[in-house]
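Overview (structure and organization)
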Amino acid sequence: MTQAPHPEVSEVWHWLSQVPDPEIPVISLTDLGIIRDVAWEADVLVVTVTPTYSGCPATSIINLDIGTALRARGIEKLRLERRLSPPWTTDWLTEEGREKLRQYGIAPPIDGTAADGRLVGRISRLAGTSNLVIACPRCGSAQTEKISQFGSTPCKASYRCTDCLEPFDYFKCI
């Protein structure tokens, strides 16, 4: 009896691109950049995942969703590996993911700010102001103000546009 060939890794990546993030379902796990690697080890599919932060409450749901999606596609032997180093950063968000956030009403992180530790440190120390201009995802205005460092999830801050007066979340740089 001949065993069916394994799906190509590129096909598995495509399947994973259809698995939504449980906290922000408009973006996929691949948009978020947390899927680090997909590889076959003999007849076992190994998917390596880096959580957005080590205490992320969605990590177990993400793993469950990955397993459910892949088993629905016929993957019987699956191993999920958690990789914490290097730690995930918002710089890993895809451009498509950033645009999906914006269209959903969440201001995406400012490009490249997560990689600059001095800027991130300054942002985290300042209570209500920073040297970053966070554009409103609804009207595009740069006239915005931080309401709270903490938004609807730990990875977002609450902002308000002073032009259109709409509140919105900003996906914080990590």
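Residues numbered from 1 in each chain as written. Predicted model: local features only at pLDDT ≥ 70, side-chain atom pairs only at ≥ 80, totals over all residues. Heavy atoms only, no water.

Turning next to the pairing of strand E6 (residues 156-161). When you tally the buried positions in E6, you get 5 out of 6 residues, the bulk of the element. Pairing of strand E5 (residues 144-148) with E6, which is carried by 4 bridges, proceeds in the antiparallel orientation. The partner of Thr144 across the bridge, within E6, is Cys161. Judged from the 5 bridges that link them, E6 and strand E7 (residues 167-171) form a sheet pairing that is antiparallel. In the sheet register, Lys156 faces E7, and the bridge partner there is Phe171. Taking the residues between adjacent antiparallel strands as the criterion, E6 and E7 are bridged by 5 residues, where Leu165 takes a positive phi near 65 degrees. (Buried < 20%, exposed > 50% of the residue type's maximum accessible area, 1.4 Å probe, protein only. Helix = DSSP H or I, 4+ residues; strand = E, 2+ residues; numbered from the N terminus. Pairing = 2+ DSSP bridges.)

With that out of the way, let us pick up the sheet that holds E6. A sheet is described by the order of its strands in space; here 4 strands give the open sequence E4-E7-E6-E5, paired in mixed fashion. Edge strands, defined here as strands with exactly one partner in the open sheet, are strand E4 (106-107) and E5. In the sheet, E4 pairs with E7 via 2 bridges, with the strands oriented parallel. Residue pairing in the sheet places Ile106 in a bridge with Asp169 of E7.

Strand order across the open sheet formed by 3 strands is E1-E2-E3, with mixed pairing between neighbours. Lying at the two open borders of the sheet, with one neighbouring strand each, are strand E1 (35-41) and strand E3 (78-82). Sheet twist, expressed as the average angle between the axes of neighbouring strands with direction ignored, equals 20 degrees. Pairing of strand E2 (residues 44-49) with E3, which is carried by 5 bridges, proceeds in the parallel orientation. By the bridge assignment, Val46 is partnered in E3 with Arg79. Sheet strands in contact with helix H1 (residues 9-16) are E1 and E2, and its direction is about 140 degrees off that of E1. (Axes fitted to C-alpha atoms, helices over the stretch in contact; angles between N-to-C directions. Contact = heavy atoms within 4.5 Å.)

Generally, phi is negative for residues other than glycine and the peptide bonds are trans, each holding for most cases. Cis rather than trans, the peptide bond between Ser85 and Pro86 has omega equal to -5 degrees. Of note, Pro86 is situated in the loop between E3 and helix H4 (95-104). The phi dihedral of Ala42 is positive, around 60 degrees, even though this residue is not glycine. You can see Ala42 is positioned in the loop between E1 and E2. Of note, the phi angle at Leu165 is positive, near 65 degrees, even though the residue is not glycine. Topologically, Leu165 is positioned in the loop between E6 and E7. Residue classification places Leu165 among the exposed residues on the basis of a relative accessible area of 59%.

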